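One letter stands for each residue in the lines below.
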Amino acid sequence: MNIEEYKKIKSGLPAGVSLIAVSKTKPEEDIQMLYDVGQRIFGENKAQEMKLKHEHLPQDIQWHFIGHLQSNKIKYIAPYVALIHSIDSYDLLKEVNKQGVKCGRVLNCLLQFHVAQEETKFGFSLEECEDMLKNADFDNLQNINIVGVMGMASNTDNRVQVREEFRKLHDYFVLLKDNYFSGRQDFKELSMGMSGDYPIAIEEGSTLVRIGSAIFGERNYAKVND
Ligand SMILES: *Cc1c(COP(=O)(O)O)cnc(C)c1O
């Protein structure tokens, strides 16, 4: 846990860029400590873990879900989640809408794109996403609100490649905004940038940076079970 680094990162962000403190795998005490110095937006990638943290911690925390979301777990986050970053299929969007109906909320969502070279990362291709936007009957989905896009760059030291991937995501954002969300004021979020690459992401137009290890320290996955 590095509060000084947090303050440095936070004060260095340009206007219009929000910091999501990615607290996955980290104890509630760490989140409370960051809350006490003013942080209000936290990111988690496991639904049940987020539910418990939400129950135990201050109720004005805005919880962002940033991980791969399984349909049967949406119910753990729907009543309070502030933004779901990881919509990668129309089926998932329909399920999120269903849970939104159940708890009487309109759930804010981002469309996640695969822009990295790695095989393992989730997300739409541009083609898949446009197919969905052209064909799907969005008017039936009254309880979701798509407010932008999200993506992850490749995990590489090649900064030129990382920049190209962020630029691609920015291009997708502009294309979708112009062609499918024009006139929609709330389609405005571009979620990109993590501890190792967020300065590049900001240069390429990010509005939401998701920073974990630079603030909380390295994660120890061995202790986690889900
Ligand atoms: C874990 C995670 C982050 C934060 O990564 P760090 O390198 O620790 O900053 C950001 N985005 C997503 C989707 C993540 O899963």
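Note: the structure precedes this text.
This report concerns the structure included in the present document.

## With respect to the overall build of the protein chain
Part 1 of the reasoning: The number of helices and strands found in the protein chain is eight helices and eight strands.
Part 2 of the reasoning: A compact globule built from 226 residues should have a C-alpha radius of gyration of about 17 Å, and the protein chain, at 17 Å, falls within 12% of that.
Part 3 of the reasoning: Expressed as a percentage of the 226 residues in the protein chain, the buried residues total 50%.
Part 4 of the reasoning: If you take every contact in the protein chain between residues at least 6 apart in sequence, the share linking residues at least 24 apart comes to 61%.

## Points about the packing of helix α5 (residues 126-135) against helix α6 (residues 159-179)
Part 1 of the reasoning: At a closest axis distance of 12 Å, the pairing of α5 and α6 adopts a crossing angle of 15°. Compared by their axis directions, α5 and α6 come out roughly parallel. Crossing geometry of α5 relative to α6 is assigned as right-handed. Contacts between α5 and α6 involve L126, C129, E130 and L133 on the former and, on the latter, Y172, L175 and L176.
Part 2 of the reasoning: Of the residues assigned to the contact of α5 with α6, the class counts are six nonpolar, no polar and one charged.

## Digging into the site of the ligand
Part 1 of the reasoning: In the vicinity of the ligand, the contacting residues are V22, K24, I66, M150, M152, M194, S195, R210, I211, G212, S213 and R219.
Part 2 of the reasoning: In the environment of the ligand, a nitrogen atom lies 2.8 Å from a nitrogen or oxygen atom belonging to the side chain of R210.
Part 3 of the reasoning: G212 has a polar backbone atom sitting 2.8 Å from an oxygen atom of the ligand.
Part 4 of the reasoning: Alone, the ligand offers 390 Å² of accessible surface; in the complex the protein occludes 90% of this.
Part 5 of the reasoning: Tallied by class, the residues present in the shell around the ligand amount to six nonpolar, three polar and three charged.

## Points about the packing of aromatic side chains
Part 1 of the reasoning: One pass over the full model with this rule turns up five aromatic pairs.
Part 2 of the reasoning: With centroids separated by 6.2 Å and ring planes inclined at 50°, the aromatic side chains of F113 and F124 adopt a geometry described as tilted. Of this pair, F113 sits in strand β5 (residues 107-114) while F124 sits in the loop between β5 and α5, and the two are eleven residues apart along the sequence.
Part 3 of the reasoning: Put simply, the rings of F113, F124 and Y172 touch in pairs and so form one group of aromatic residues.
Part 4 of the reasoning: Note that K75 overlies the ring of Y76, its terminal NZ or CZ placed 5.0 Å from the centroid.

## Remarks on the nonpolar core
The nonpolar side chains of a soluble globular protein tend to be buried with one another.
Part 1 of the reasoning: Membership of the largest hydrophobic core comes to 64 residues, with the highest contact counts inside it found for V96, F113 and L176.
Part 2 of the reasoning: When residues no more than four places from it in sequence are discounted, the contact partners of L176 are L111, F113, L126, C129, L133, V149, F181 and F187.
Part 3 of the reasoning: Listed in part, the nine residues of the second largest apolar core include V22, L110, V147 and L208.

## A few points about the state of the cysteines
Part 1 of the reasoning: Tallied over the entire structure, the rule returns zero disulfides.
Part 2 of the reasoning: You can see C109 has no disulfide; the closest cysteine sulfur is in C103, sitting 12 Å from it.
Part 3 of the reasoning: The buried category is assigned to C109, whose relative accessible area is 0%.
Part 4 of the reasoning: A disulfide-free cysteine, C129 has its sulfur positioned 12 Å from the sulfur of C109, the nearest such atom.
Part 5 of the reasoning: Judged by relative accessible area, which is 0%, C129 ranks as buried.

## Side note on unusual backbone geometry
Part 1 of the reasoning: If you check the backbone angles, T25 has positive phi at about 70° while not being a glycine.
Part 2 of the reasoning: Relative to the helices and strands, T25 resides in the loop between β1 (18-22) and α2 (28-36).
Part 3 of the reasoning: Given the relative accessible area of 23%, T25 is considered partly exposed.

## Some points on the pattern of salt bridges
Part 1 of the reasoning: In the structure shown here, the tally under the stated rule is twelve salt bridges.
Part 2 of the reasoning: For the salt bridge of R184 with D186, the shortest nitrogen-to-oxygen distance reads 3.5 Å.
Part 3 of the reasoning: Using a relative accessible area of 30% as the deciding quantity, one classes R184 as partly exposed.
Part 4 of the reasoning: A salt bridge links E189 to K188; the shortest N-O distance between them is 3.1 Å.
Part 5 of the reasoning: Residue E189 is classed as buried on the basis of its relative accessible area, which comes to 16%.
Part 6 of the reasoning: For K188, a relative accessible area of 47% translates into the label partly exposed.
Part 7 of the reasoning: The network of salt bridges with common partners includes R163, R167, E203 and E204.

Rules behind the numbers
- Residues numbered from 1 in each chain as written.
- Predicted model: local features only at pLDDT ≥ 70, side-chain atom pairs only at ≥ 80, totals over all residues.
- Heavy atoms only, no water.
- Helix = DSSP H or I, 4+ residues; strand = E, 2+ residues; numbered from the N terminus.
- Rg over C-alpha atoms; globule rule 2.2 N^0.38 Å.
- Buried < 20%, exposed > 50% of the residue type's maximum accessible area, 1.4 Å probe, protein only.
- Contact = heavy atoms within 4.5 Å.
- Axes fitted to C-alpha atoms, helices over the stretch in contact; angles between N-to-C directions.
- Parallel < 35°, antiparallel > 145°, perpendicular 65-115°, else oblique.
- Left-handed = near helix turned anticlockwise from the far one by under 90°.
- Nonpolar A, V, L, I, M, F, W, Y, C, P; charged D, E, K, R; others polar.
- Near = heavy atom within 4 Å.
- Polar contact = N/O pair within 3.5 Å; in protein donor to acceptor, adjacent residues only side chain to side chain.
- Areas by Shrake-Rupley, 256 points an atom, 1.4 Å probe, with all protein chains shown as cover.
- Phe/Tyr/Trp six-rings, centres within 6.5 Å; stacked < 30°, edge-to-face > 60°.
- Lys NZ or Arg CZ within 6 Å of the ring centre and 35° of its normal.
- Core = buried A, V, L, I, M, F, W, Y, C linked by side-chain atoms within 4.5 Å.
- Disulfide = S-S within 2.5 Å.
- Salt bridge = Lys/Arg side-chain N within 4 Å of Asp/Glu carboxyl O.

So, to be careful, I would describe these as geometric facts and stop short of saying anything about function.
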